[in-house]
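Each chain, written out:
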Amino acid sequence: MLSAAASMGIDRLDAQLLLLHVLGRQTTDRAWLLVHDTDPLDDAVWPNYASLCARRKAGEPTAYLLGEKEFHGLGLQVDPRVLVPRPDTETLVDWALQCLEGRDAPTVIDLGTGSGAIALAIQRARRDAQVTAVDASADALAVARGNAERLGLPVRFQQADWLAGADAGYDLIVSNPPYIAREDIHLAALQHEPQGALVSGDDGLDDIRRIVDAAPAHLADGGWLLLEHGYDQSAAVRELLRERGFAESQSRDDLAGIARCSGGIWRAVK
Ligand code: GLN
């Protein structure tokens with residue numbers, strides 16, 4: 001059954017996860033598949049598996065087919081209302097947690113939360129933090145709220161356009177905003193995900209510019225702004241931060257060694 005998926009050109013890990021899914025088993029149960037490698041597939045299950053393989057082949061993300069995605073140790077439910085959380089974004093969470101070290105009950109706002117991934121990962125690691133998560137999309141917020149409830153994490157959710165209406169004095173503003181240029185060829189491979197979570201103007205930087213511009217009015221003295229961005233945008237984002245008056249403008253690499261997030265600290269008294 002896995003060889004049938006392989007002959008369709010489906011990645012082995014994806015095929016294993018889809019098979020476990022139709023068998024009603026946990027996606028952590030790949031060892032079970034090895035032990036039962038030669039078992040015949042139940043006739044009742046085969047059409048479901050074939051249909052999921054066909055959808056995967058047509059480009060639907062495995063996470064949507066499974067309805068779940070693991071992120072920073074959290075099991076999140078996802079569907080086409082939200083971008084699939086990427087492992088690269090765990091870099092942003094780890095950096096955010098470093099920025100919060102030594103601060104008691106820090107206040108954090110996650111802009112464009114989507115599935116809630118970043119906000120929920122921070123809240124899980126820092127139970128004392130007051131984490132707010134905003135998204136312009138009511139659909140995305142419904143997914144994020146569901147994840148927060150299931151995980152028992154007390155993140156507050158608000159529907160808003162970036163920082164419009166947000167409080168002042170945050171210790172940390174964090175965001176994985178849309179950052180792909182309108183004409184970017186990579187968009188073809190992302191057509192199943194919400195375009196509003198991906199595309200940001202002619203150079204991909206429209207939303208990052210807006211956030212950098214608005215952030216100082218909402219940061220505490222010594223608060224951080226951390227942003228994820230495209231593989232070739234780190235110099236531009238660091239420059240935007242410097243121009244806006246942020247100190248210590250710097251970047252962090254993703255798992256592939258690409259500078260994937262940039263940030264700076266806001267000092268009210270210079
Ligand atoms: N990292 C995603 C991708 O390139 C894009 C996420 C985003 O635009 N924020 O697949």
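From a predicted model like this one, the values you see are computed outputs, not experimental measurements.

Undergrad: Looking at this structure, how should I read the site of the ligand?
TA: Close contacts around the ligand come from Leu-83, Arg-86, Asn-176, Pro-177, Pro-178, Tyr-179, Leu-190, Ala-197, Leu-198 and Glu-228, and that covers them all. Residue Asn-176 places a side-chain N or O atom 2.8 Å away from a nitrogen atom belonging to the ligand. Side-chain polar atom of Tyr-179 to a nitrogen atom of the ligand: 2.9 Å apart, as the coordinates give it. Protein contacts shield 83% of the accessible area of the ligand, which totals 300 Å² for the unbound molecule. With respect to the detected pockets, the ligand is housed in the second largest pocket. Among the residues forming the shell around the ligand, the class breakdown is seven nonpolar, one polar and two charged.

Undergrad: Before we go on, may I ask you to explain the environment of Leu-66 in this structure?
TA: Within the secondary structure, Leu-66 is located in helix 5 (residues 62-66). The buried category is assigned to Leu-66, whose relative accessible area is 10%. In sequence terms Leu-66 and Leu-18 are 48 residues apart; their C-alpha atoms lie 6.8 Å from each other. The contacts of Leu-66, once residues within four sequence positions are left out, are Leu-17, Leu-18, His-21 and Thr-27.

Undergrad: Sorry if this is basic, but what is going on with the packing of helix 2 (residues 12-22) against helix 4 (residues 46-57) here?
TA: Between two packed helices, the angle of one axis relative to the other and the distance separating the axes together describe the packing. At a minimum axis distance of 9 Å, the contact between helix 2 and helix 4 shows a crossing angle of 145°. The interaxial crossing formed by helix 2 with helix 4 has right-handed handedness. The segment helix 2 lies against helix 4, with Asp-14, Ala-15, Leu-18, Leu-19, His-21 and Val-22 engaging Asn-48, Tyr-49, Leu-52, Cys-53 and Arg-56. For the contact of helix 2 with helix 4, the residue count by class is seven nonpolar, two polar and two charged.

Undergrad: Could you clarify how one ought to interpret the pattern of salt bridges in this entry?
TA: Oppositely charged side chains can form a pair if their charged atoms are brought close together. On inspection of all chains with the given rule, the structure shows 15 salt bridges. Here Arg-56 makes a salt bridge to Asp-14, at a shortest N to O gap of 3.1 Å. Of this pair, Arg-56 sits in helix 4 while Asp-14 sits in helix 2, placing them 42 residues apart in sequence. Classification of Arg-56 as partly exposed rests on a relative accessible area of 24%. Taking relative accessible area as the criterion, Asp-14 reaches 12% and is therefore assigned buried. Residue Asp-203 is joined to Arg-209 by a salt bridge in which the shortest nitrogen-to-oxygen separation is 2.4 Å. Given the relative accessible area of 33%, Asp-203 is considered partly exposed. Residue classification places Arg-209 among the partly exposed positions, given a relative accessible area of 35%. Linked through salt bridges whose partners overlap, the residues forming this network are Asp-203, Asp-206 and Arg-209.

Cut-off values and rules
Residues numbered from 1 in each chain as written. Predicted model: local features only at pLDDT ≥ 70, side-chain atom pairs only at ≥ 80, totals over all residues. Heavy atoms only, no water. Near = heavy atom within 4 Å. Polar contact = N/O pair within 3.5 Å; in protein donor to acceptor, adjacent residues only side chain to side chain. Areas by Shrake-Rupley, 256 points an atom, 1.4 Å probe, with all protein chains shown as cover. 1 Å grid on protein atoms, 1.4 Å probe; cavity = no way out; pocket = protein on both sides within 12 Å on 5 of 7 lines; lining within 4 Å. Sits in = over half its atoms within 2 Å of the grid points. Nonpolar A, V, L, I, M, F, W, Y, C, P; charged D, E, K, R; others polar. Helix = DSSP H or I, 4+ residues; strand = E, 2+ residues; numbered from the N terminus. Buried < 20%, exposed > 50% of the residue type's maximum accessible area, 1.4 Å probe, protein only. Contact = heavy atoms within 4.5 Å. Axes fitted to C-alpha atoms, helices over the stretch in contact; angles between N-to-C directions. Left-handed = near helix turned anticlockwise from the far one by under 90°. Salt bridge = Lys/Arg side-chain N within 4 Å of Asp/Glu carboxyl O.

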